[in-house]
Amino acid sequence: MCAKRATPFPLAFASLLQATASFDLTWRLWDVETGAALLEQEGHSRAVYAVGFHPDGSLAASAGLDAVGE
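Residues numbered from 1 in each chain as written. Predicted model: local features only at pLDDT ≥ 70, side-chain atom pairs only at ≥ 80, totals over all residues. Heavy atoms only, no water.

**Q** So what's going on with the pattern of salt bridges? Which residues, and what values?
**A** Per the stated rule, a full pass over the model turns up 2 salt bridges. For the salt bridge of Asp24 with Arg28, the shortest nitrogen-to-oxygen distance reads 3.1 Å. Note on Arg28: relative accessible area 18%, which makes it buried. In this structure, Glu40 and Arg28 form a salt bridge, with 3.2 Å as the shortest nitrogen-oxygen distance. Highlighted residues: Glu40 in strand S3 (residues 37-41) and Arg28 in strand S2 (residues 27-31), separated in sequence by 12 residues. Look at Glu40 and you get buried, because its relative accessible area is 11%. (Salt bridge = Lys/Arg side-chain N within 4 Å of Asp/Glu carboxyl O. Buried < 20%, exposed > 50% of the residue type's maximum accessible area, 1.4 Å probe, protein only. Helix = DSSP H or I, 4+ residues; strand = E, 2+ residues; numbered from the N terminus.)

Next comes the structure, spelled out in structure tokens:
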């Protein structure tokens, strides 16, 4: 089961992680090697279309049809 809270991750792990945006109003962070969901982030009221990361890996942001950046 994945965490439903903000969790920082080191940039060294960025190549082992994949983020996905979803119509279920969430975005998820996945471990590429195991396929396990590490984080499920909620907060949008409509579908999430994009997830981006700060170059140093310290922050992630999501954007959706609700016109809200999280």
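**Q** Go over the sheet that holds S3, please, and point to the residues and values.
**A** A sheet is described by the order of its strands in space; here 3 strands give the open sequence S1-S2-S3, paired in antiparallel fashion. Unpaired on one side and paired on the other, strand S1 (17-21) and S3 mark the two borders of the sheet. Strand-to-strand twist of the sheet, defined as the mean angle between neighbouring strand axes without regard to direction, takes the value 15 degrees. Sheet topology note: the S2/S3 ladder contains 4 bridges and is antiparallel. Counted as the bridge partner of Trp27 is Gln41 from S3. (Pairing = 2+ DSSP bridges. Axes fitted to C-alpha atoms, helices over the stretch in contact; angles between N-to-C directions.)

**Q** Quick rundown of the packing of aromatic side chains? Include the residues and the values.
**A** To describe a pair of aromatic rings, you give the distance between the ring centres and the angle between the ring planes. Evaluated as defined, the whole model comprises 2 aromatic pairs. Considering the side-chain rings of Phe23 and Tyr49, the 5.7 Å spacing of their centres and the 65 degrees angle between planes classify their relative orientation as edge-to-face. Pair noted here: Phe23 is in the loop between S1 and S2 and Tyr49 is in strand S4 (residues 48-53), with a separation of 26 residues, a long-range link. Each member of the pair Phe23 and Tyr49 is classed as exposed. Note on Trp27 and Phe53: the rings are 6.5 Å apart at their centroids and 85 degrees apart in plane angle, and the pair reads as edge-to-face. A residue pair is termed long-range when its members are at least 10 positions apart, and Trp27 in strand S2 and Phe53 in strand S4 qualify at 26 residues. For Trp27, a relative accessible area of 6% puts it in the buried group. Judged by relative accessible area, which is 37%, Phe53 ranks as partly exposed. (Phe/Tyr/Trp six-rings, centres within 6.5 Å; stacked < 30°, edge-to-face > 60°.)

As far as function goes, none of this settles anything; it's purely spatial.
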